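# Secondary and tertiary structure notes
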Amino acid sequence: MRTFGYTVARSPAEAVRIAASTSAPAYVAGGTDLLNLMRDGAQAHDHLVDVNHLGLDEVAFDSRRLRVGAGARMRQVAEHPRVRREFPMLSEALLASASPQVRNMASIGGNLLQRTRCGYFRDAAAPCNKRTPGSGCPAIAGHNRGHAILGGGDHCIATHPSDLAVALSALDATVHLLGPGGERAVPIAGFYLLPGATPDKETVLRPGELITRVDVPRTALAGRSRYLKLRDRATFEFAVVSVAAALRTSGRVVRDVRLAFGGVGTRPWRDLRVEDALRGRPLTVQAIAEAGRLLVRDAEPREGNTFKVELVQRALTSILSELGGLR
Amino acid sequence: MSGLVGQGVARVDGRAKVTGAARYAADQEVPGALHGFLVMSTIARGEVVEIDTRAALAHPGVVAVYTHADMPRLRVPDFPYNRPYIPMQDARVHHNGQPVAYVVAQTLEQAQEAANLVKVRYRAQAPVARMADVLDQAFLPDRFRGRANEDGRGDAAAALAQAEVRVEATYSSPMQHHNPIEPHTTTAVWAGDGTLTLYESTQGVAFTRNMVTQAFADDPPKDVRVISPYLGGGFGAKGPTYPHTLLTAAVARLAGRPVKLVLSRAQMFTSNGHRAEYRHHLRLGATREGRLTAIADTSTAQVTRLDGRIYNSSDSTLQLYACPNVHVRQLGVRLDLPTSSYMRSPETTAHFGLETAMDELSHELGIDPVELRIRNHTDVVQQTWAGGEPERPYGGKHLLECYRAAAEEFGWARRNPRPGTTRDGDEYVGWGMATETHTYGHIDSEVRLTIGPDGRATVRTASQEIGTGTYTVLSQVAADELGMPLGHVTTLLGDTTYPAASISAGSSTMPSVVGPVSEAAKSARAAVIALAVADPRSPLHGVPAAEVVAEDGRLLASGDRGDTYRDVMARHGQEVTVTGRKPNTRGHSFGAVFVEVRIQPRLGRLRVTRVVTAHDLGRVLNRRTARGQVIGGVTWGIGFALMEHTMVDPVTARVVNPNLSTYLVPVCADTPSVTALFVDEPDPDSQALGARGFGETPGTGVPAAIGNAIHHAIGRRLRDVPFTQDKLL
Ligand SMILES: Cc1cc2nc3c(=O)[nH]c(=O)nc-3n(C[C@H](O)[C@H](O)[C@H](O)COP(=O)(O)OP(=O)(O)OC[C@H]3O[C@@H](n4cnc5c(N)ncnc54)[C@H](O)[C@@H]3O)c2cc1C
Ligand code: SF4
């Protein structure tokens, strides 16, 4: 790891100012991802701006939304009684993430910006288009069990690893930013980019922009939600496939539904066509199966991850059956 | 005897370990030590053309950057040095992640960053990385450590041709890594008189000393001392000696300063061996009554371009069941990967195939899996072509008792044998079992026992504490034989200034060292009693020595006459020192493991929900540490079965998951509580108070037992570990 400077910022504006005035800066919150990336040589920075003391650690409710400060810790949000009650999928997604130790350290802002677990990306000696643009993507012909079946291409097939981002996608959250050019708010659906030919560019964040908070609209639907995570060991592991689902039915008919998927896409995956296919129809195994087929219609599986095509459909069936009382 | 042996005594070093007082190798603060860091190759095959060290040398704090150009020439030591070459002796690169330069700096961080700044240019050749691509080039490697790769008895081919029932299948397991939590580390200190001291994390201080001495034979140190009082796990990774140790010693000599090296986790994936990828093609022949008539196992394992060492033998295939016709062939295929090595319970790869095939046979025949094993039980060590020894009975083998005890505890009698018939909610429940067995070794060891003027005892032997409880058990054995409270005995390990002792690998610590400790304690007790009865100041003066017994620190004779170790030794005023030796022999330990799994086949979700084991390890020396071995073995068995897997890139032959966040090992939630039963019968053949080597036996059957339980749950036969959820859908 190369030598770097370090400043503790005392306010969001100060953090942005310091970042704007230093070369190759990065914000550091819990450091649970950033420091590993720097140690592994996957990322290098000249200056770190500590954003743990900006007063951005609220978890607050107003009449319309839940406001989560970027500096709130994963544990704080996951265990908040009202989050558990009103946004079960959010709490479950966080509790299914990492380990208690990591959740105590890791922030919401850092979680949204954590980088892919693709082994080639984290090995500075391997080629990787995301880390070193133009060097190639060894995962496509190599080990890709953990990789995406949706939203990839010839340049990169890495999944976005955040469980939180999947839940927030299903919940139509908004990410609030502060940058040298001022404040702005970006709906999460527009926050993450597909890799295209520039997999190094993962979000719409502009240089020096700070995440200040995430807003989640309060809806009755959110209270009827679940997060299902499938993985290669019981805890402390990223998703092979995950589904965040919220469902409201009257009688058997689907009144409203929100779905987002993890482990399958190059970004937290939301496909409105899948929800549209269910909305207004009776919730049956067949209807879910049709929606699932729609989800994977454009899937591009590779040698190691073909099983995800089937597994994600089964996960969808499982979570909707449970939420809809189908068994 | 005070009955201490066998008790579940708590670890005598437990407090030091949990408070941090225990000094592990890298905790050793050596004044003036520099920090080393290795630069590893990024190609798998070819040679170094140029190394540009200018930027690294310009980095603050950097003292030197060594390459093959200036590394002293060393001699390749014999086994247990694990490689057929020493890196950095020439420009050749044999695998990805091989040391090509060695940076030495004032701080670790400086050394690490300077290592990033070393620029290496290579002439690379395309490596062969995948076993599947070159299976047609499999060959029968030469014997290794005197052992042939082809063995058996009778005529398996003929017996198979005539068999009433046959099972034939291929069972495979991937490359795996030991991953002890403590990384490998060496601190090399050369004294002015030419003595080399190594603070090392090693499973065998005496072996490391020997290997280092051999490597430096052209310019020998005056002496080599190796110190390794505690290990944070080894699992075989620290058994053989590896290049980093030799290179660090060489570099410290060049630099004229002590050098400390700690390997990074990623470096551990190419520096210290691994379990090779294996395929076992197995054929069983049997009568309709379930008697084995033939076992043929042709296995293929990864070896390297330069050597053909096969580390995972097929002992259970040859010996576990009574079978007149057996044929084992262990083939190798050459890949451009590091040399493999022994990894925790090495025999598991072959045993996984055998115990799964036995389950398949039981299903085929409609005979209960336990009953099938009972019908093929043997109480004799069977002859093999290579083994040479005539057939002879085991001194003790209580495997039948293990089957009975574990089956009863588990409730096996209630099992409905038809696969896919037991459900609980949306989960299918499967019960499976397997036999457990592993070879244990023995290496002649010596112990020095001193009774001080304070009447307390100190045991010294160059054995090791690798986390298994060596300090505790040796103290127990000594205290028991001396007739002293446990707290009056101190055991000192892991230093080559103590008498040479066994490597802590191959389950050989207890069989090798317990006998010598017990012998030494016996002599020491006799010596102190002799002092007492000869001393006119002792109440025991004149009592025949044979009539004095030692108990709880006191020396007692009839008629209320007594003395104490403390008083006798205080009057004597000087130490009493004795040595103990007791050769032993190698052998096998046995057991049975029963597991319950619950599977949601729609999602491929699997949980191991119950594990019951029963083991025959001869005499149990400490129930608590023995149980610890069972829990650890079962946990690793679950890892082997469900998740452990090193991935190598097919193009670059580079490990893709060299860290603990992508090389998965079980967490607590994957591991149910384990009911561990012991038969606890002394083995008359063992010179270690009837105890056998045991550490590697638990877990050997777990992968097969889980696979067999999966078959019972959902009717699907899996033969390729790890059993990940995609295989269960
Ligand atoms: C062993 C392990 C297992 C894990 N398992 C899971 C899992 O199962 N599911 C899961 O979702 N995650 C998992 N994680 C990832 C973990 O959740 C993230 O590492 C963590 O959330 C990052 O938060 P942090 O505060 O530590 O971020 P940091 O490491 O401090 O920063 C991460 C990134 O975010 C940037 N950043 C931080 N805060 C801000 C801000 N306010 N504005 C702009 N940029 C910012 C940093 O510059 C950096 O680029 C795991 C991590 C580990 C180490
Ligand atoms: S999948 Fe993406 S992150 Fe992984 S190697 Fe390819 S380009 Fe890099």
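Bear in mind that the values here come from a model prediction, so they are computed numbers and not experimental data.

### Quick look at the nonpolar core
Residues and elements named next belong to chain B.
- Membership of the largest hydrophobic core comes to 78 residues, with the highest contact counts inside it found for L284 and I706.
- Leave out the neighbours within four places in its chain, and L284 touches L160, V165, R166, V167, L292, A294, I295, L354, A357, M358 and L361.
- The next biggest cluster of nonpolar side chains, apart from the first, holds 47 residues, and it includes A22, Y471, V533 and Y565.

### Brief notes about the packing of aromatic side chains
Residue and element names in this part refer to chain B.
- Going through the model one piece at a time under the given rule, you end up with 20 aromatic pairs over all chains.
- Note on Y171 and F352: the rings are 6.2 Å apart at their centroids and 80 degrees apart in plane angle, and the pair reads as edge-to-face. Of the two residues, Y171 is situated in strand β8 (residues 165-173) and F352 in helix α9 (residues 348-365); the sequence distance between them amounts to 181 residues.
- For the pair F269 and Y663, a centre-to-centre distance of 5.6 Å together with 65 degrees between the ring planes defines the contact as edge-to-face. In this pair, F269 sits in helix α7 (residues 265-271) while Y663 sits in the loop between α15 (623-642) and β29 (674-678), placing the two residues 394 residues apart along the sequence. No difference in accessibility class separates F269 from Y663, as the two residues are buried.

### Observations concerning the sheet that holds strand β20 (residues 446-451) of chain B
Residue and element names in this part refer to chain B.
- Sheet architecture is open: four strands sit in the order β22-β21-β20-β26, paired in mixed fashion. Looking at the sheet topology across the chains shown, the edges are occupied by β22 (489-492) and β26 (576-581). Strand-to-strand twist across the sheet, computed as the mean angle between neighbouring axes with direction ignored, equals 20 degrees.
- In terms of strand pairing, β20 meets strand β21 (residues 457-460) through four bridges, oriented antiparallel. Paired with T450 across the two strands is T458, which belongs to β21.
- Helix-sheet contacts for helix α12 (residues 470-482) involve β20, β21 and β22, and the interaxial angle to β22 is about 140 degrees.

### Details of the site of ligand 1
All names here are of chain A.
- The local shell around ligand 1 holds 29 residues, among which Y27, G31, T32, S107 and D163 are the closest.
- Residue Y27 places a main-chain N or O atom 2.4 Å away from an oxygen atom belonging to ligand 1.
- Between ligand 1 and the protein, one listed contact pairs an oxygen atom with a side-chain N or O atom of S107 at 2.7 Å.
- Isolated, ligand 1 exposes 970 Å² of accessible area, and the fraction of that covered by the protein chains is 93%.
- Listed by contribution, the elements that provide at least two residues to the shell around ligand 1 are β2 (25-28), α7 (108-112) and β8 (210-217).

### So, the domain arrangement of chain A
- The domain architecture assigned to chain A consists of domain 1 (5-50) and domain 2 (223-324).
- Measuring from the centre of the C-alpha atoms in domain 1 of chain A to the corresponding centre in domain 2 of chain A gives 36 Å.

### Notes on the sheet that holds strand β12 (residues 259-262) of chain B
Residue and element names in this part refer to chain B.
- Read across the open sheet, the seven strands follow the order β3-β5-β1-β12-β9-β10-β11; overall the sheet is mixed. Each edge of the sheet is formed by a strand with only one pairing partner; in this case those strands are β3 (62-67) and β11 (223-227). Here the strands of the sheet are splayed against their neighbours by 20 degrees on average, with no regard to which way each runs.
- The pairing of strand β9 (residues 185-190) with strand β10 (residues 195-200) spans five bridges and is antiparallel. Within β10, the residue paired with T187 across the bridge is Y199.
- Together, β1 (34-40), β3 and β5 (99-105) form the strand contacts of helix α3 (residues 108-117), whose direction differs from that of β1 by roughly 25 degrees.

### Describing the UniProt feature "domain: FAD-binding PCMH-type" (unreviewed entry) in chain A
- Within this structure's numbering, the places UniProt gives as "domain: FAD-binding PCMH-type" (unreviewed entry) are residues 1-221 of chain A.
- Along residues 1-221 of chain A, the helical share is 24% and the strand share 18%, with 46 Å between the first and last C-alpha atoms.

### A short note on α3(B)
- Of the positions making up α3(B), those classed as buried are B:Q110, B:A111, B:E113, B:A114 and B:A115.
- On its buried face, α3(B) sits against β1, α2 (54-58), β3 and β5 of chain B.

### A few points about the pairing of β1(B)
Residue and element names in this part refer to chain B.
- Of all seven residues that make up β1, six are buried, and the element is covered over most of its length.
- Relative to β12, β1 runs parallel, the two being bridged by three bridges. By the bridge assignment for β12, G36 is matched with L261.
- In terms of strand pairing, β1 meets β5 through six bridges, oriented antiparallel. Across the sheet, the residue bridging to F37 is V103, located in β5.

### Thoughts on the environment of B:A557
- When you line up the elements, B:A557 lands in the loop between β24 (554-556) and β25 (562-564).
- Sequence separation of B:A557 and B:A296 is 261 residues, and the distance between their C-alpha atoms is 63 Å.

### A look at the site of ligand 2
All names here are of chain A.
- Close contacts around ligand 2 come from 14 residues, with C118, C128, C137, C156 and I157 the closest.
- Most atoms of ligand 2, that is more than half of them, are within 2 Å of grid points of the second largest cavity.
- The residue makeup of the shell around ligand 2, split by class, is 10 nonpolar, three polar and one charged.

### Here's the deal with the packing of helix α10 (residues 285-295) of chain A against helix α11 (residues 307-323) of chain A
Residues and elements named next belong to chain A.
- As a packed pair, α10 and α11 sit with axes 9 Å apart at the nearest point and diverge in direction by 140 degrees. Between α10 and α11 lies a crossing of right-handed hand. Where α10 approaches α11, its residues I288, A289, A291, G292, R293 and L295 are matched on the opposing element by V312, Q313, L316, T317, L320 and S321.

### As for the side chain of A:T212
- Looking at the secondary structure, you find A:T212 in strand β8.
- Residue A:T212 is classed as buried on the basis of its relative accessible area of 14%.

### Brief notes about the UniProt feature "domain: Aldehyde oxidase/xanthine dehydrogenase a/b hammerhead" (unreviewed entry) in chain B
- UniProt marks residues 19-126 of chain B with the feature "domain: Aldehyde oxidase/xanthine dehydrogenase a/b hammerhead" (unreviewed entry), using the numbering shown here.
- With 15% helix and 32% strand, residues 19-126 of chain B has its two end C-alpha atoms placed 50 Å apart.

### Quick word on the domain arrangement of chain B
Residues and elements named next belong to chain B.
- Per the domain assignment, the segments making up chain B are domain 1 (32-126 + 181-233 + 238-271), domain 2 (278-441 + 586-728) and domain 3 (442-581).
- The distance between the C-alpha centroids of domain 1 and domain 3 comes to 40 Å.
- Taken residue by residue, the interface counts 17 residues in domain 1 and 16 residues in domain 3.
- Regarding the contact of domain 1 and domain 3, the summed buried area is about 1,200 Å², with carbon and sulfur atoms giving 59% of it.
- The salt bridge involving R225 is made with D495; its shortest N-O contact spans 2.6 Å.

The rules behind each value
Residues numbered from 1 in each chain as written. Chains lettered and ligands numbered in written order. Predicted model: local features only at pLDDT ≥ 70, side-chain atom pairs only at ≥ 80, totals over all residues. Heavy atoms only, no water. Core = buried A, V, L, I, M, F, W, Y, C linked by side-chain atoms within 4.5 Å. Buried < 20%, exposed > 50% of the residue type's maximum accessible area, 1.4 Å probe, protein only. Contact = heavy atoms within 4.5 Å. Phe/Tyr/Trp six-rings, centres within 6.5 Å; stacked < 30°, edge-to-face > 60°. Helix = DSSP H or I, 4+ residues; strand = E, 2+ residues; numbered from the N terminus. Pairing = 2+ DSSP bridges. Axes fitted to C-alpha atoms, helices over the stretch in contact; angles between N-to-C directions. Near = heavy atom within 4 Å. Polar contact = N/O pair within 3.5 Å; in protein donor to acceptor, adjacent residues only side chain to side chain. Areas by Shrake-Rupley, 256 points an atom, 1.4 Å probe, with all protein chains shown as cover. Domains from an automatic or database assignment. UniProt positions renumbered as here; feature names shortened; annotations may be inferred. 1 Å grid on protein atoms, 1.4 Å probe; cavity = no way out; pocket = protein on both sides within 12 Å on 5 of 7 lines; lining within 4 Å. Sits in = over half its atoms within 2 Å of the grid points. Nonpolar A, V, L, I, M, F, W, Y, C, P; charged D, E, K, R; others polar. Left-handed = near helix turned anticlockwise from the far one by under 90°. Buried area = accessible area lost by both parts, 1.4 Å probe. Salt bridge = Lys/Arg side-chain N within 4 Å of Asp/Glu carboxyl O.

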